Amino acid sequence: MNEVILIAQSNIVDYEGYNSLAINHLDLFKSSVYPRMVRLDGKFISHLDYINLQDSGKTYSQSGYSKRRDMLNIWNMPSMSGIHLQNYLTINNFKPLVINNMDSEMDWLLESVKLYPTAPIVISTTFYLQWKEVGRIASEVRKLTQAPIVIGGAFINSFVNEKGKERTLEYMKKYKIEHAIHSFNSEPDLLSLLNALCSNQKDKLKNVSNLISTDFSEDFITEEKWNNPLIEEIKPIWHDLSIPSLKSTLQIRTASGCPFSCAFCSYPTTAKVWETSDANDVREHLDSITRIKGLKNIIFIDDTFNVPVERFRQLVEIFKDYDFGWYSFLRVQFIDEEIVRSMKDSGCLGVYLGIESSSDTILKNMNKQARRSDFYRGVTLLNKYDIDYVAAFVLGFPGETEQTIKENISFIEELPIKYYALKEFYYMENTKVHTQRELYGLTGMGAKWSHNTMSYAQATDYKLRMFLTIKNSVHIDPDSSLWHLAHLHDLGYSRKEILDYQLEINELIRKDLITYTTSKPFTEEEMLIPG
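Source: prediction; values computed, not measured. (Residues numbered from 1 in each chain as written. Predicted model: local features only at pLDDT ≥ 70, side-chain atom pairs only at ≥ 80, totals over all residues. Heavy atoms only, no water.)

A few words now on the sheet that holds strand β9 (residues 219–221). A sheet is described by the order of its strands in space; here seven strands give the open sequence β4-β1-β5-β6-β7-β8-β9, paired in mixed fashion. Each end of this open sheet is capped by a strand with a single partner; those strands are β4 (94–101) and β9. Strand-to-strand twist of the sheet, defined as the mean angle between neighbouring strand axes without regard to direction, takes the value 15°. The pairing of strand β7 (residues 179–181) with strand β8 (residues 211–214) spans three bridges and is classified as antiparallel. Paired with A180 across the two strands is I212, which belongs to β8. The sheet contacts of helix α7 (residues 131–144) involve β1 (2–9), β5 (121–124) and β6 (149–152), and relative to β6 the element is tilted by about 160°. (Pairing = 2+ DSSP bridges. Helix = DSSP H or I, 4+ residues; strand = E, 2+ residues; numbered from the N terminus. Axes fitted to C-alpha atoms, helices over the stretch in contact; angles between N-to-C directions. Contact = heavy atoms within 4.5 Å.)

Right, let's get into the pattern of salt bridges. A complete count under the given rule lists 27 salt bridges for this structure. Put simply, K406 and E402 hold a salt bridge, and the shortest N to O gap is 3.6 Å. Here E402 and K406 lie together in helix α17 (residues 402–414), a separation of four residues that amounts to about one turn. Close ionic contact of R510 with E507 constitutes a salt bridge, the shortest N to O distance being 2.8 Å. Taken together, the positions of R510 and E507, both in helix α22 (residues 495–516) and three residues apart, correspond to about one turn of that helix. (Salt bridge = Lys/Arg side-chain N within 4 Å of Asp/Glu carboxyl O.)

Here the focus is the environment of E133. By secondary structure assignment, the location of E133 is in helix α7. Take E133: its relative accessible area is 9%, and that puts it in the buried class. For the pair E133 and I12, spaced 121 residues apart in sequence, the C-alpha to C-alpha distance is 6.9 Å. Only 2.6 Å separates the side chain of E133 from the side chain of S10, close enough to count as a polar contact. (Buried < 20%, exposed > 50% of the residue type's maximum accessible area, 1.4 Å probe, protein only. Polar contact = N/O pair within 3.5 Å; in protein donor to acceptor, adjacent residues only side chain to side chain.)

This paragraph deals with the environment of T126. Mapped onto the fold, T126 is located in the loop between β5 and α7. Spatially, the C-alpha atoms of T126 and Y389 are 24 Å apart, while their sequence positions differ by 263 residues. Excluding anything up to four places from it in sequence, T126 contacts S81 and A154. A distance of 2.9 Å separates the side chain of T126 from the side chain of S124, its partner in a polar contact.

On to the packing of aromatic side chains, then. Applying the stated criterion across every chain yields a total of 30 aromatic pairs. With 5.6 Å between their ring centres and 65° between their planes, F319 and F324 make a pair best called edge-to-face. Accessibility expressed as a relative area gives 0% for F319, which makes it buried. The exposure class assigned to F324 is buried, which follows from its relative accessible area of 5%. Taking 6.4 Å as the distance between ring centres and 70° as the angle between the ring planes, the aromatic pair formed by F393 and F411 counts as edge-to-face. Highlighted residues: F393 in strand β16 (residues 388–395) and F411 in helix α17, separated in sequence by 18 residues. No difference in accessibility class separates F393 from F411, as the two residues are buried. Linked through ring pairs, F300, F305, F312, F319, Y322, F324 and W326 together constitute an aromatic cluster. (Phe/Tyr/Trp six-rings, centres within 6.5 Å; stacked < 30°, edge-to-face > 60°.)

Purely geometric numbers; function is a separate question.
This is the structure:
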């Protein structure tokens, strides 16, 4: 059996980079740190590291690898992309050794490389937004081995689509990466590549679709080919896999793609097709997953888990036959009281709500196919049955004004929303709103943009002022959101302990916003958004 080493993820945020900046320059980068981070004793740390410090006296970065693996860190949770590939490669006669979080498991990576010095190293780029982190990982790997490095996943797919294959080759050579698979559903191409590499049949590399390859003397790019998502091909063998990073929570998917076309989202364009597995097929996977020793909770990462509605009803009824808690994404406009009651009875611990806005004006512009009243009704039901949730809001989409911001505040406060997260609009080319850019006067790209009613700088200012204004709901880091709750629960924290810690964290951030992030001293009242 051929060995392959998979690196699923790493710590994405460079806290030390932020800590190297002078506090008197905080205004220049406050949108990046607040309210995502906590400033304690002159250092920026994550929300979870604040809890680590209170509980053990050390932060994640101050600890050794064995200790890190038991600490609070969102990237310590087993990555779906990692175990998904582990499953697929295992059933195709490979022996995958998964490094779930490289920054927690560098010692395991070193052992694996020593044990299998010629095994290809596959780096998933699922969670990355720039080459800096991909390059850091590749550079660390290259210090350990001369085995071929393969990259693939969402970032590479997006980068190739936007910047091209030749530009990708430049970065590959810079970081000494031999192969990049740039397809959206890349598993079949990766399998073909690994078969060629492990059999030393380099002549077969050019038969691998969607491949950018270099040996640093010769480059070649193969033909593009669309791959349908793997649903039925993933087998219920989860109990046979070795998952050392597992505590008690596993992430899986039961569908691929999305049937909606929100104007700010690129996923429907890149995923192209929407495919769901049959409810009875999900039962087979649950039979396997629940055989894993210590398994208590499952996170279903499907973007539209409760669509189609009838399939969701069937799944919730199936869940009642098992003893596990579960989390998922939820289109809250499609729930009713019967479904929510069944969710509670079947062990639902929390859901992620992509509400984005509570203004009917913005929802129409976003093509959300929902209205404020739909969201209000659905969230009211979740509150009634005491199911935890994180409601995510996108600020600054074309049409956003101070009035629509106020609508969000009143929506959050009146229900009240349990946990909420705020992010600025991120402008991408392969989205519906890009085709409407002239209508909205939309210019710029990515995190820096402007349109007829708002700029990114104004959206950032509103984000911070919303955080200070909202009193009846609890803010959570938008980068970890629901996973923040799931991870804390995974490591034994009660709902009350999670809430109390987050209130404590938010109070520290609130004080910092008033103290440090204004060019002149403002009172809190001056920072609030008037009603």
